[in-house]
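Single-letter residue listing:
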Amino acid sequence: MNWEQDLAGESREVQQAVQNFKASMEAWSDAALSRPRTAAPRTARHTWRMAAGWALGCVMAAGVCTGAVQSLHHRQQMARVAAQKAEQRAAEERAAEAREAAQEANAKAAKTEPTASAKDADLLASVDRAISRPVPEAMEPLAQLMDDSEGQ
Amino acid sequence: MLERKASTKVMAAGTALKPMTAAAAEEIAAQEFARIVETHRPQIFRFLLASLRDVDLAETLTQECFLKAHRNWEGFRGESSAMTWLMRIAINLQKDHWRNRRIQFWRQTRTNSVDLDEASEWLPSGERSAEQQMLAREQVAHVWQAVKGLSERQRTVFLLRYVEEQELKEIAEATGLSEGTVKAHLSRALERVRRELRGTR
């Protein structure tokens, strides 16, 4: 079906309007196709906008990079401080443990090694035990005398 | 309708078939394509101009359309006319353009599309009185207003039918719609034009 037949049922105004629209489009298109072409220079506004966009982008990128670097540096510093503190704490703990160990060792040594007087007493006691003899009955009165004289 | 011959041999009268060299086949294909460009460029450009109302953009997309067609020229089997095939490419390019503009809205805040009044200024210089010229300009402006209010598909179908004078079957092939859908779109588009013209009285 022809396109004009489509419009057969339409009012005269619609038909005319569509025909004029078609003619207008043809005229515009022909004129645009036959116009002299020149390489359009980029407008200053466009260049300015592009430059501003680039500058803004660069600033933002620099800001992000600086922030990231600073954050990394700060984190590294914090980690270093924390490591130093941990090391110091460990050293202190080690020293305390050593001190405690030494004290314990001293105490143990003190327990196991008796004093010189105790040693002497023990020695005398053992000698007494070794040399003492039960006194025979016949010498009982003499032994009592010795005890008495010792008591006086 | 242009029919492409895929044969690689030339038959001369009364002679045996001579194999065609690759260079000669390419030369023929290039000439054929150049003829296609020359024949259909104005129509493709006009359709894109009417769709976009932007001369520079229409020119760019016309170039892209033929570039794409040239790349795929080997794959064109002549199942539809070359015009329908080219129009399908142009429609897809136009769709892509609108889609990209929707997605990348920050890239072009300003459009180069001319306004409807400027577009309505174009009229063929015929033997018309000043009054007739003015009336025609008014009518064209109203049709533009109606076209602006159409959906993308309705606009494409309307322009192909009433500006490019394509048959319904060709429009259906170019747009990938059924003929019934094309008719429905046309009917709605005409209704819009009717309303626009009625509303002005």
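Details of the overall build of chain B
Alright, step 1. The helix and strand tally for chain B stands at 8 helices and 2 strands.
Alright, step 2. In chain B, the order of α-helices and β-strands from amino to carboxyl end is β-β-α-α-α-α-α-α-α-α.
Alright, step 3. Of all 201 residues assigned to chain B, the portion counted as buried reaches 31%.

Some words on the overall build of chain A
Alright, step 1. Looking only at helices and strands, chain A features 5 helices and 0 strands.
Alright, step 2. Listing each helix as α and each strand as β along chain A from the N terminus yields α-α-α-α-α.

Quick notes on the interface of chain B and chain A
Alright, step 1. Contacts between chain B and chain A engage 26 residues on the former and 21 residues on the latter.
Alright, step 2. Counting only elements with at least two residues in the side of chain B that touches chain A, the list comes to helix H1 (22-52), helix H4 (116-120), helix H5 (130-148), helix H6 (152-162) and helix H8 (179-198) of chain B.
Alright, step 3. Here the residues of the side of chain B that touches chain A are counted per class, giving 19 nonpolar, 3 polar and 4 charged.

Focus on the confidence of the model for chain B
All names here are of chain B.
Alright, step 1. In this model, chain B carries an average pLDDT of 80, and 78% of its residues clear a pLDDT of 70 or more.
Alright, step 2. For residues 1-14, every residue scores under 50 in pLDDT, and the model assigns this stretch 16 contacts once sequence neighbours within four places are set aside.
Alright, step 3. Reported confidences for the modelled complex are a pTM of 0.58 and an ipTM of 0.79.

So, H6(B)
Alright, step 1. For H6(B), the buried fraction is high: 8 of the 11 residues fall into the buried class.
Alright, step 2. Regarding H6(B), the residues found buried are Gln154(B), Thr156(B), Val157(B), Phe158(B), Leu159(B), Leu160(B), Arg161(B) and Tyr162(B).

Some points on the nonpolar core
Alright, step 1. The biggest cluster of nonpolar side chains holds 48 residues, and the ones touching the most others in it are Leu48(B), Ala90(B) and Val143(B).
Alright, step 2. Contributions of two or more residues to this core are made by helix H2 (12-34) of chain A together with H1, helix H2 (55-71), helix H3 (82-103), H5, H6, helix H7 (168-175) and H8 of chain B.
Alright, step 3. Ranked by residues supplied to this core, first place goes to H1(B) with 8 residues.

Concerning the packing of H6(B) against H8(B)
Residues and elements named next belong to chain B.
Alright, step 1. Remark: H6 packs on H8, axes separated minimally by 9 Å, with the N-to-C direction vectors making an angle of 90°. Of the possible angle classes, the one that applies to H6 and H8 is roughly perpendicular. Packed against H6, whose contacting residues are Arg-153, Gln-154, Val-157, Phe-158 and Arg-161, the element H8 presents Val-182, His-185, Leu-186, Arg-188 and Ala-189 at the interface.
Alright, step 2. Across the contact of H6 with H8, the residue classes break down as 5 nonpolar, 2 polar and 3 charged.

Some words on unusual backbone geometry
Residue and element names in this part refer to chain B.
Alright, step 1. With phi around 55°, Arg-53 is a residue other than glycine that occupies positive phi space.
Alright, step 2. Mapped onto the elements of the fold, Arg-53 is located in the loop between H1 and H2.
Alright, step 3. At Glu-165, a position not held by glycine, the phi torsion is positive, near 55°.
Alright, step 4. By the element assignment, Glu-165 lies in the loop between H6 and H7.

Quick look at H8(B)
Residue and element names in this part refer to chain B.
Alright, step 1. The terminal C-alpha atoms of H8, which comprises 20 residues, lie 28 Å apart, in line with the 28 Å expected from a rise of 1.5 Å per residue.
Alright, step 2. By the burial criterion, the buried members of H8 are Val-182, His-185, Leu-186, Ala-189, Leu-190, Val-193, Glu-196 and Leu-197. One side of H8 carries all its buried residues, which in axial view fall inside an arc of 135°. What points out from H8, more than 90 degrees from its buried face, is the exposed set Gly-180, Glu-191 and Arg-198.

Looking at the packing of H1(B) against H6(B)
Residues and elements named next belong to chain B.
Alright, step 1. H6 packs onto H1 with a crossing angle of 140° between their chain directions and a minimal axis gap of 10 Å. Judged on the interaxial angle alone, H6 and H1 are oblique. The two elements H1 and H6 meet at a crossing, and its hand is right-handed. In this structure, H1 uses Phe-47, Ala-50 and Ser-51 to contact H6, whose residues at the interface are Arg-155, Thr-156, Leu-159 and Leu-160.

Considering the confidence of the model for chain A
Alright, step 1. Mean pLDDT over chain A: 83, with 88% of residues reaching 70 or higher.
Alright, step 2. For chain A, helix H1 (residues 3-6) of chain A is the element with the lowest average pLDDT, namely 71, and helix H3 (residues 44-112) of chain A is the one with the highest, namely 89.

Concerning the environment of Leu57(B)
Alright, step 1. Summarising the element assignment, Leu57(B) is placed in helix H2.
Alright, step 2. When the C-alpha positions of Leu57(B) and Gln94(B) are compared, they lie 9.8 Å apart, and in sequence the two are 37 residues distant.

How each quantity is defined
- Residues numbered from 1 in each chain as written.
- Chains lettered and ligands numbered in written order.
- Predicted model: local features only at pLDDT ≥ 70, side-chain atom pairs only at ≥ 80, totals over all residues.
- Helix = DSSP H or I, 4+ residues; strand = E, 2+ residues; numbered from the N terminus.
- Buried ≥ 20, exposed ≤ 12 C-beta atoms within 10 Å, placed from the backbone.
- Contact = placed C-beta atoms within 7 Å.
- Nonpolar A, V, L, I, M, F, W, Y, C, P; charged D, E, K, R; others polar.
- pLDDT = per-residue confidence, 0-100.
- Core = buried A, V, L, I, M, F, W, Y, C linked by C-beta atoms within 7 Å.
- Axes fitted to C-alpha atoms, helices over the stretch in contact; angles between N-to-C directions.
- Parallel < 35°, antiparallel > 145°, perpendicular 65-115°, else oblique.
- Expected span 1.5 Å × (residues − 1).
- Arc of directions from axis to C-beta.
- Left-handed = near helix turned anticlockwise from the far one by under 90°.

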